[in-house]
Structures are given as C-alpha cells and as structure tokens.
Amino acid sequence: MPRGLLLSLSPGRRTYWMAQAVALLSLVVLVSAVPFAKVQLARLPLFVPIYESALILNDLITAALLFGQFAITRSRAMLALACGYLFTAATAVGHLLSFPGLFSAGGLLGAGPQSTAWIYMFWHAGFPLFVMAYAVLKTREEREPDRFAGHVLTRRTALGTVAAVLGASAACVALATAGEPLLPAIMAANRYTPTMWIVSGATWCCCMLALAVLWRSRPHLTLDVWLMVVLCVWICDVALSTVFNGGRYDLGFYAGRVFGLMGASFVLLLLLIENTMLYSRLTAARTELKRLAADDPQDGRG
C-alpha cells in the first residue's frame, strides 16, 4: 500500500491527544445540554436548509477524496468508507427534500408526517454500518495482505458498488415516503411518540457498536482515530436530536444538528490537510530535481 496516505499512517501522541480532547469536549457539551434538551426554542426556517446543505456538501467532498484514495490504494476498506459518506450525503438530500415546510407544506417526494423522521433514522443508522465494514475490511487486509492483493477491484466493480449504495439510499427514502404506511408512527405533529425512543435507542446502540468495532481494529491508523471522534460526535448528535429531546425545534433538535455538522467535517479537514501537505512535498521535490539538473555538469552536453 502506498506510504504517506491515510490508510498507512500510524497516529502519534499529538494525534491521540487532539482526538481525545475533541471527544471529551463533545461529551462535556452533551452532558451539559441534556437537562435542557426539551426546552422549546423558536422555529428558525433557514436553519434546516443551511445545515443540511453544508452537511451534504461536506459529505460529498469527503466521499470524492476517499474515492481518490481508493483509486490509489485499491483498498476495499477505503471503498467502504467512501461509500458510507456517499450514503449519508444521498440520504440527507432525501431528508432535506421531504422536510415539512421547506419546499411544500408536507414536504416533497410524496412525504407524509412520518417520512422525514424515518429518513433521519435510516441515515444515522446507515453510516455506522459502513464504518463497521471499513473496520472489518481494514483488519482483514492487514492480516492477509497477499490474499487481498491478488483480488484487485476493477473500476466496473467499484462503480457497481457506488450504484448499489445510491440504490440503498433511494430505497430508504422510498420506504420512508411511499412506504410510510408500513412503518410505525414515531412523530405526532412535531413531537416524538413513545415508539421513537425505541427506534432512536436502536440507532444509538448501532453507533456505539460501530465505535467498539473500530476501537478493536488494531493497530489504529490516523484515519481510525478521527473516525472514532466522528462516531463520538455522531453519538452526541443522535442523543440530543432523538433520545433526550422531545421533538422538533427544541434545544436538542438544534444542538444535535450542530454536532452532526461538526462530525461531517473532521475527516474532510484531515483529507484537505493531507492533500495540501502532499502537494507541498511534490512541489519541493520538483524544485530539488530542477536544482540538481541545473548543477549537473553533464547537462547540455551532446
């Protein structure tokens, strides 16, 4: 596997320290916000479209950069993670379009009163599944490198995987909209029903399971450490948005979504920093080659 890429870098003490600080700060904010999570706040019409547009853009850029890493490493683990970010972006689009009161009174896509909440749960339960797939595949690739090196994924297979992920996202949105009568009611107006706590609790457990699986997939890489931070923030998002709050437009609703936007930014920031560093190294190497060529006494002789 090429050196210098996220999948092959071991984290240093500074990386662990920064990640632990961010995770601890997130948990402190969560604990501080839980007692006030059900406090009803003003309805801000522009909050949801701004938040979701930023989140979708972050996830799409992250997915594109991870697919770029996959094109270099041909790692199944990297492909799984890239698909996870693609799934979140695609499903968030469905959530945005179906949200009541944004584009129409009841939401687009034939949405009903339960659709947006169910899409949110599918979205937040789906991403941890992709992280678990990433962790399992990464461990298998490290333990059996020869076996996986002999089965290089073709471009057609990768495109088929992407199509399957987009199809899964579309199926989740379709189930929550066209298939809404098949699902139990988790919303009553803008408040949650008792069933919502069962569904959100299951989603929360899925996030914690993904964190545990990723933690056990040693040795940890730099990407793994920040993915664990993402999952910690994701857990805070689900906790405030669906577990400890009472419904839409309370403090938990807004605070949870701020956590969600933060979680969508960590891996993107890491990838952008890495790309900048690699470009800087490439520029320095090119400059050094030009200098050596200019100093070569054989240069220019026929």
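Residues numbered from 1 in each chain as written. Predicted model: local features only at pLDDT ≥ 70, side-chain atom pairs only at ≥ 80, totals over all residues. Heavy atoms only, no water.

In the annotation of an unreviewed UniProt entry, the protein chain is listed under the name Membrane-associated sensor domain-containing protein and assigned to Ralstonia mannitolilytica.

Asks: Sorry, what's going on with the UniProt feature "transmembrane region" (unreviewed entry) in the protein chain here?
Replies: Here the UniProt feature "transmembrane region" (unreviewed entry) sits at residues 79-97, 117-137, 158-176, 196-214, 226-245 and 251-273. Structurally, residues 117-137 comprises 100% helix and 0% strand, and the distance from its first C-alpha atom to its last is 31 Å. (UniProt positions renumbered as here; feature names shortened; annotations may be inferred. Helix = DSSP H or I, 4+ residues; strand = E, 2+ residues; numbered from the N terminus.)

Asks: Explanation requested: the packing of helix α3 (residues 76-98) against helix α8 (residues 222-243) in the structure shown.
Replies: Packed helices, taken two at a time, are described by the angle between their axes plus the distance between the axes. At a minimum axis separation of 14 Å, α3 and α8 run at an interaxial angle of 30°. Judged on the interaxial angle alone, α8 and α3 are roughly parallel. Viewed along their axes, α3 and α8 form a crossing whose handedness is left-handed. Residues Met78, Leu81, Tyr85 and Thr88 of α3 form the contact with α8, whose participating residues are Leu223, Leu227, Val230 and Trp234. (Axes fitted to C-alpha atoms, helices over the stretch in contact; angles between N-to-C directions. Parallel < 35°, antiparallel > 145°, perpendicular 65-115°, else oblique. Left-handed = near helix turned anticlockwise from the far one by under 90°. Contact = heavy atoms within 4.5 Å.)

Asks: Would you mind going over a nonpolar patch on the surface with me for this structure?
Replies: A surface patch of nonpolar side chains, amounting to about 260 Å² of accessible area, comprises Phe36, Val39 and Leu41. If you trace the backbone, phenylalanine 36 turns up in the loop between α1 (13-33) and α2 (47-73). (Patch = residues over 30% accessible without salt bridge, like charges linked within 9 Å, V, L, I, M, F, W, Y side chains within 5 Å. Areas by Shrake-Rupley, 256 points an atom, 1.4 Å probe, with all protein chains shown as cover. Salt bridge = Lys/Arg side-chain N within 4 Å of Asp/Glu carboxyl O.)

Asks: Just to check I follow, could you spell out the state of the cysteines for this structure?
Replies: Working definition: the covalent bond between the sulfur atoms of two cysteines is a disulfide. Under the criterion given, the structure shown has zero disulfides. Cysteine 172 supplies the cysteine sulfur nearest to cysteine 83, a cysteine that is in no disulfide, at a spacing of 14 Å. The exposure class assigned to cysteine 83 is buried, which follows from its relative accessible area of 1%. Here cysteine 172 is not cross-linked by a disulfide; its sulfur's nearest cysteine counterpart is in cysteine 206, at 12 Å. (Disulfide = S-S within 2.5 Å. Buried < 20%, exposed > 50% of the residue type's maximum accessible area, 1.4 Å probe, protein only.)

Asks: Please clarify how unusual backbone geometry should be interpreted in this entry.
Replies: One can expect most non-glycine residues to show negative phi and most peptide bonds to be in trans. Of the consecutive residues arginine 218 and proline 219, the connecting peptide bond is found in the cis state with omega at 0°. Inspection of the secondary structure puts proline 219 in the loop between α7 (194-216) and α8. One non-glycine residue, arginine 74, lies in positive phi territory at about 55°. Structurally, arginine 74 can be placed in the loop between α2 and α3.

Asks: How do you make sense of the pattern of salt bridges when you look at a structure like this?
Replies: A side chain with one charge may pair with a side chain of the opposite charge, provided their charged atoms come close. Evaluated as defined, the whole model comprises one salt bridge. Notably, a salt bridge pairs lysine 138 with aspartate 224, separated by 2.5 Å at the nearest N-O pair. Placement of lysine 138 in helix α4 (residues 115-143) and of aspartate 224 in helix α8 is noted, with a sequence separation of 86 residues between them. Lysine 138 sits in the buried class, given a relative accessible area of 1%.

Asks: I'm lost on the nonpolar core in this one. Help?
Replies: A general tendency of soluble globular proteins is for nonpolar side chains to be buried together. Formed by 85 residues in total, the largest nonpolar core has its most connected members in Leu81, Tyr85, Ile186, Leu214 and Leu227. Element by element, the count of residues in this core is highest for α8, at 17 residues. Ignoring any residue separated from it by four or fewer positions in sequence, one finds tyrosine 85 in contact with Asp59, Thr62, Ala63, Leu66, Phe127, Leu227, Val230 and Val267. (Core = buried A, V, L, I, M, F, W, Y, C linked by side-chain atoms within 4.5 Å.)

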